[in-house]
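Survey of secondary and tertiary structure
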Amino acid sequence: MKVSLFTTCLVDSLFPNVAEAMVKILDRYGVEVDFPHGQTCCGQPAFNSGYVDEAREVAKTLLDAFDQSEYVVAPSGSCTGMIHHYYADLFAGLPDWEDKAERLINKTYEFSQFMVNVLGVTDLGARFPHRVAYHPSCHGARLLGIKNEPEQLLDHIQDIQRVNFPHAHDCCGFGGTFAIKMSDISGAMVEEKTKHVVESEAEVLVSTDMGCLMNIDGRLRYENQKVQVKHLAEVLYEGLPAEKE
Amino acid sequence: MDEAAFLERISARLGRSIPEDRPPRNVQGAPDFWRQRSSGAQELILRFQAELEKLGGQVERFEDRSAMLAFLKSLLKDLDPTRIGVWGGNFMDEYQLEEVLSPYEVVTWGNQGVEAFQAAEVSISGCAFAIADTGTMVMMSSETHGRSVAVLPTVHIVILRQEQIHGTMGEVLESLSQMGRSLPASVHFISGASRSSDIENDQTIGIHGPARIVAFIL
Amino acid sequence: MPSTTNRHTPDLLDRTRLALQDDFLRAAVRFTADRLRDKKQSSTEEFGHWEEWRERGRAIRAHTINHLDYYLKQFVDQVRQTGGHVHFAKDAGEAVTSVMQIVREKKARSVVKSKSMVSEEIHINEHLIEAGIEVVETDLGEYIVQLAGETPSHIIIPAIHKTREQIKTLFTNAGGEHLTTDTKVLAGFARKTLREKFLKADIGITGCNFGIAESGTVVLYTNEGNADMVTNLPKTHIVLMGMERILPSFADLEVFANLLPRSATGQKLTTYMSMITGPRRQGDRDGAESLHIIILDNGRSEQLGDPEFQDILHCIRCGACLNVCPVYRQIGGHAYGSVYPGPIGAVLSPLLYQGKQYEDLPFASSLCGACYEACPVKIPIHDMLVRLRARKVRSGHVAKAEQLAFRGYKMIFSHHRRYRLAIKTGRVLQETMAQNGYIQSGFGPLAGWTESRYAPTLKEEPFRDKWEALSKTLKTKS
């Protein structure tokens, strides 16, 4: 099985460790991974701001980069959701691009969905003896339709202590350019989110999207809190026993 | 704007002229599983009682009329109203209320109207239907069954026969649909007492309509 | 400082800033929203098959709106057969004219109203008051808001932003004597005062939750019973209804009687569901003698036939999207600056009133999609918000700097070499700002972000530069 890595621009430039963890996990399961260099970004920052033409031009980098791929896997429910939910409309009526978009939609998966639904893996044999809270990303859950795949993966981790917090399903206030354009409201939203997270006494907050985690982490550091944030792939990878050989 | 122009504007936006025949439909009303539910009479009574009680309503069940009248007598004694408003027509006779009500000033709808009922503390009426799912009682207006009987007084007592209790609202709505032009001007579904949570989310009862609802099931 | 209405501050950002400083408002909004959505959650769980009901609701609304001309005509014909009058208003102005004409014909001096969003939409109160007519809102929340000279801040709970202290003061100024802040006392004052108003009013005005086409019936949902007073007691009843409020049949109403109260307040059914079919019949001693139904377009027909926005007409005004919205939760209703607040308002307002007035509202959303998830008729509100943003950008009503920024984004991100170079350059530029791996105080577009949180920094090597070395360590090779 061959997987092309769609790192997303956020992970590529700001959180390369997340992609690295993902690659190493996939490698353990005998998946052949490649990284098509032509990819940049799914176009969401422009699309969600109303700049549709600009978004389309950028999105084309993905259609080209992944056209020959068997599977495409991304460490993001939001960017995967962008492809699944909006690319059909974005490229409707454009010869060639329309077909390329459809092909991409049909083979693109968010990391946890790929692990659970394609590879059929829920127990990676990882151990992570910490109190962990899980933040479901809005786009992952509502745009893409991630159900409990991330939680299945978390629940099979040895010695993990799952903690809950109120309003876990509420948006953290990131929303891409929303956090810049409406920074006051966004700031109030992330303040409420971190309050709940801190009160849960979690040591680590896990999610499937670095957009949310970057936002929440930014607030946690601003408040000088101890809670760390980690992508699901990082937690799983860190918890894996060292490989023999 | 005149009607034709108003409707034509809609048709034009929808890209056609106004359909002459009823548009065909695949989906109408509640889902099948819902319509196929059925319950026995006893179950309906219990469900109606449970639902209305959840809404703060009081439900009393009686074997026969004399038991009902005895209870009514003591309830009225507790409430101690000056004036009681009741449905007109043969309602008083149907349930032989005259004797129990004789200590009070009684006004009957049809002979009297809003002004008389405005000063009644208690009203007594029947209902057209009851709905078990929601603890609802349905009033239909007529010359003798004024709408205000159910809303002006502070306490509203409803006498219903158990065969009036239906399972779902859908059954009642179907009856309304079949009435066609004989549908009364007001059909009023009542589920519990008048309530509001508009002051700091603090629920208060009896804001405009009755503060207490009592259902008598015969 | 308890809330002062900021609805008329022209700039959205200023309005949100004011709202965010209002601690009482925010606490009250959060409390109410939580309560309503918890109740909705438990009531829909108890009910079961919620997704099936939602799909049913969507399908019925879609069919109705696709054949709105047919069903509206059927409704109107039925109303006339029962002796009711129908007026058509293409905009707010025509609706106001119709109301004022009836008021003059009836030589009316006082009007009682039950809650109606359309009446807010056409600002009928202002016109009535200007003509010297007494207008009294009779929903308790609306009455409070009216005494305060404000507008509702929530579709379902209009006075969500008022404290009991403030209410006591308002009621005292309205003639209440020896009032306390006890809910019963305050409600008792309202009951007594409003009862007198009902009894002497010449005209009752209501909205219309649903109009049943097969019978010409107007359906109203309330918990207080005020709509019944308004429709039973005055001699004339005026119904203000949006033209899309139609349902084909009583059978369809069952679906919405299940969806609407649960979505709005988490109730199985509101205390009262009132159906008015025509004026009082011969021999009836209460109920309006004349019934006038004013059907309003006001921008609605513009949405028909538009594949991007027609579904907005499916809305049943339940307010569920407000109660789950993380933005509404922070800023409350007035900050939206429009009659319709929350996610639905952020879509409806710019659609009904095209032009610049509300075109910023679709940006007051993180696009989290909670509104869609909560909507009982599955309106894709989050998608519509994105489409409205695109509409604004197309219209050119955007800052030059923003246009340039996205042109720059396209230029850089449409080729991986330019993108890589930009990361490398950015990495150098951020040197001066970075501290312990974070930017704690940014400038330019980052300034707003860093006011309440740190920003991450670009890593020394992006993943794409690490790939070659990493790929050599992998076991699985082709």
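**Quick word on the confidence of the model for chain C**
Residues with a pLDDT of 70 or more make up 98% of chain C, whose mean pLDDT is 94. Taken together, the stretch residues 1-5 of chain C has pLDDT below 50 and engages in 12 contacts with residues farther than four places along the chain or on a different chain.

**Quick look at the interface of chain A and chain C**
Taken residue by residue, the interface counts 76 residues in chain A and 66 residues in chain C. In this assembly, chain A and chain C are joined by 8 salt bridges. Across the pair Asp 12 of chain A and Arg 464 of chain C runs a salt bridge whose closest N-O atoms are separated by 2.7 Å. For the pair chain A and chain C, the interface holds 32 residue pairs in polar contact (both at pLDDT 80 or more). A total of 9 residues in the side of chain A that touches chain C trace back to one element, the largest contributor, which is helix H11 (residues 183-199) of chain A. Considered class by class, the residues forming the side of chain A that touches chain C number 32 nonpolar, 25 polar and 19 charged.

**Topic: the environment of Leu 55 of chain B**
All names here are of chain B. By secondary structure assignment, the location of Leu 55 is in the loop between helix H3 (41-54) and strand S1 (58-61). Here Leu 55 falls in the partly exposed class, since its relative accessible area comes to 24%. Here the alpha-carbon distance between Leu 55 and Ile 205, two residues 150 residues apart in the chain, equals 11 Å. Setting aside residues up to four positions removed in sequence, Leu 55 forms contacts with Thr 134, Ser 191, Gly 192, Ala 193 and Arg 195.

**Re helix H4 (residues 65-79) of chain B**
With 15 residues, H4 of chain B extends 21 Å from end C-alpha to end C-alpha; this agrees with the ideal 21 Å at 1.5 Å per step. Buried-residue contacts for H4 of chain B involve strand S2 (83-86), helix H6 (98-101), strand S4 (122-125), strand S7 (155-160) and strand S12 (212-217) of chain B.

**Comments concerning the pattern of salt bridges**
Between side chains of opposite charge, a pair can form when the charged atoms approach closely. Residue and element names in this part refer to chain C. The tally for this structure, following the rule as stated, stands at 58 salt bridges over all chains. Arg 17 is paired through a salt bridge with Asp 14; the nearest N and O atoms lie 3.7 Å apart. Highlighted residues: Arg 17 and Asp 14, both in helix H1 (residues 12-20), separated by 3 residues, approximately one helical turn. Residue Arg 17 is classed as partly exposed on the basis of its relative accessible area, which comes to 38%.

**Things to note about the sheet that holds S12 of chain B**
Residue and element names in this part refer to chain B. Taken in spatial order, the 6 strands of this open sheet run S1-S12-S7-S4-S2-S3, and their pairing is parallel. The sheet is open, and its two edges are formed by S1 and strand S3 (105-108), each paired on a single side. Taking the axes of each pair of neighbouring strands and ignoring which way they run, one obtains an average angle of 20° across the sheet. The pairing of S7 with S12 spans 6 bridges and is parallel. Counted as the bridge partner of Val 158 is Ala 215 from S12. Where H3 meets the sheet, it contacts S1, S7 and S12, and its direction lies at approximately 150° from that of S1. Relative to the sheet, H4 contacts S1, S2, S4, S7 and S12, its axis offset from that of S12 by approximately 165°.

Conventions adopted
- Residues numbered from 1 in each chain as written.
- Chains lettered and ligands numbered in written order.
- Predicted model: local features only at pLDDT ≥ 70, side-chain atom pairs only at ≥ 80, totals over all residues.
- Heavy atoms only, no water.
- pLDDT = per-residue confidence, 0-100.
- Contact = heavy atoms within 4.5 Å.
- Salt bridge = Lys/Arg side-chain N within 4 Å of Asp/Glu carboxyl O.
- Polar contact = N/O pair within 3.5 Å; in protein donor to acceptor, adjacent residues only side chain to side chain.
- Helix = DSSP H or I, 4+ residues; strand = E, 2+ residues; numbered from the N terminus.
- Nonpolar A, V, L, I, M, F, W, Y, C, P; charged D, E, K, R; others polar.
- Buried < 20%, exposed > 50% of the residue type's maximum accessible area, 1.4 Å probe, protein only.
- Expected span 1.5 Å × (residues − 1).
- Pairing = 2+ DSSP bridges.
- Axes fitted to C-alpha atoms, helices over the stretch in contact; angles between N-to-C directions.

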